[in-house]
Number of protein chains: 2
Amino acid sequence: MSFADTFKALGDPVRREILTLLKGGRLSAGEIGSHFDMTGATISYHLNILKKADLVHESREKNFIYYELNTSVVEEIMLWLRDLKGEK
Amino acid sequence: MSFADTFKALGDPVRREILTLLKGGRLSAGEIGSHFDMTGATISYHLNILKKADLVHESREKNFIYYELNTSVVEEIMLWLRDLKGEK
DNA sequence: CTGGTATTTAGAAAATAATCTAAATAGATC
DNA sequence: GATCTATTTAGATTATTTTCTAAATACCAG
């Protein structure tokens, strides 16, 4: 989706923690959920927001759905911040 | 306040636009408000969030309250993003 | 095809955030 | 002090987000 959606997706601490977890490699929805004291449905909700923001990609395999980090859109955010700081 | 508050403050488009306006130099609350189709009270609410996130500083002068950009905390955000991208 | 595990979707409830109107504060000017 | 302008604060309302429970889907194993 859009730049604004990416920024908003990053604004939530649960979602940032999910992204941090994914730095170690792809994880299934269940593995991600087991790190949080929340229902799977809630985790699924957050994963969907991250997916719409293009911050993660999913790949289905067997019975599982694996999520992995996609940082391509992070560059845009960093550019905005750098510009805010007045750097060239 | 905290890193999380800074991230959240940046998640809102109105607040990002305020920060962008302030790139051009300090502005009074009224000057900021005139760029938006919102009441002064709402602008004040957003300014307060930016202030708590340490993204702006205020200075009182005469009858006015001027706001100016403070990007010192932006560096932290950028470090987090850079780390997410797996850069050193 | 039946049963089991993994995950999502739907819908409702709870929590948080954004917005407004009206009143309050602060300082400047008369 | 009275009044005007600039801004914030209080309180209520509306909108959005997060979360849950229950049901649905999907896929695998027997």
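For the structure, check the block above.
Owing to the predicted nature of the structure, the values given are computational and were not obtained by experimental measurement.

**Q** Any chance you could break down the protein's contact with DNA strand D for me, citing the residues and the numbers?
**A** Looking at DNA strand D, there are 22 residues lining it, with A:K8, A:Y45, A:H46, B:G30 and B:Y67 nearest. Counting only the atoms of DNA strand D within 4 Å of the protein, the fraction contributed by sugar and phosphate is 75%. B:A29 is positioned such that a nitrogen or oxygen atom in its backbone is 3.2 Å from a phosphate oxygen of DNA strand D. Between B:N63 and DNA strand D, the recorded distance is 2.9 Å, taken from a side-chain N or O atom to a base oxygen.

**Q** Which residues make up the relation of the copies chain B and chain A, and what values go with them?
**A** If you rotate chain B by 180 degrees and push it 0.0 Å along the axis, it lands on chain A with an RMSD of 0.0 Å. Here the symmetry operator amounts to a two-fold rotation axis. No C-alpha of chain B approaches the rotation axis more nearly than that of B:G11, which lies at 2.7 Å. Comparing interface residues between copies, 100% of those in chain B also lie at the interface in chain A; the contact surface is shared.

**Q** How would you summarise the pairing of strand β3 (residues 64-69) of chain A if you had to cite specific residues and measurements?
**A** Residue and element names in this part refer to chain A. Here strand β1 (residues 27-28) pairs with β3 via 2 bridges, running antiparallel. When the sheet's bridge partners are listed, L27 is paired in β3 with Y67. In terms of strand pairing, strand β2 (residues 56-61) meets β3 through 6 bridges, oriented antiparallel. In the sheet register, H57 faces β3, and the bridge partner there is E68. From the end of β2 to the start of β3, which pair antiparallel, there are 2 residues, and K62 there has a positive phi angle of about 55 degrees.

**Q** Residue-level account of the pattern of salt bridges, with values.
**A** Residue and element names in this part refer to chain A. Throughout the structure, instances matching the rule amount to 10 salt bridges over all chains. Linking R60 and E58 is a salt bridge whose minimum nitrogen-to-oxygen distance equals 3.5 Å. Given a relative accessible area of 62%, R60 falls into the exposed group. Taking relative accessible area as the criterion, E58 reaches 28% and is therefore assigned partly exposed.

**Q** How would you explain the sheet that holds strand β3 (residues 64-69) of chain B if you had to name every residue and give the values?
**A** Residues and elements named next belong to chain B. Read from one edge to the other, the open sheet built from 3 strands follows the order β1-β3-β2, with strand pairing classed as antiparallel. Strand pairing shows two members of the sheet lacking a second neighbour, β1 (27-28) and β2 (56-61), which therefore form its edges. Each of β1, β2 and β3 touches helix α2 (residues 13-22); the most contacted strand, β3, lies at about 90 degrees to it.

**Q** Give me the lowdown on helix α5 (residues 74-84) of chain A, citing residues and values where you can.
**A** For an α-helix, 3.6 residues make a turn, and residues three or four places apart therefore share a direction. Listing the buried residues of α5(A) in full gives A:V74, A:I77, A:M78, A:W80, A:L81 and A:L84. Across the axial projection of α5(A), the buried residues extend over an arc of 160 degrees, all falling on one side. As for α5(A), its buried residues are in contact with α1 (3-10) of chain A together with α1 (3-10), α2, β3 and α5 (74-84) of chain B. Where α5(A) terminates, the next one or two residues include A:G86, which has phi positive at roughly 75 degrees.

Thresholds, definitions, all that
Residues numbered from 1 in each chain as written. Chains lettered and ligands numbered in written order. Predicted model: local features only at pLDDT ≥ 70, side-chain atom pairs only at ≥ 80, totals over all residues. Heavy atoms only, no water. Near = heavy atom within 4 Å. Polar contact = N/O pair within 3.5 Å; in protein donor to acceptor, adjacent residues only side chain to side chain. Least-squares fit on C-alpha atoms with pLDDT ≥ 70 in both. Contact = heavy atoms within 4.5 Å. Pairing = 2+ DSSP bridges. Helix = DSSP H or I, 4+ residues; strand = E, 2+ residues; numbered from the N terminus. Salt bridge = Lys/Arg side-chain N within 4 Å of Asp/Glu carboxyl O. Buried < 20%, exposed > 50% of the residue type's maximum accessible area, 1.4 Å probe, protein only. Axes fitted to C-alpha atoms, helices over the stretch in contact; angles between N-to-C directions. Arc of directions from axis to C-beta.

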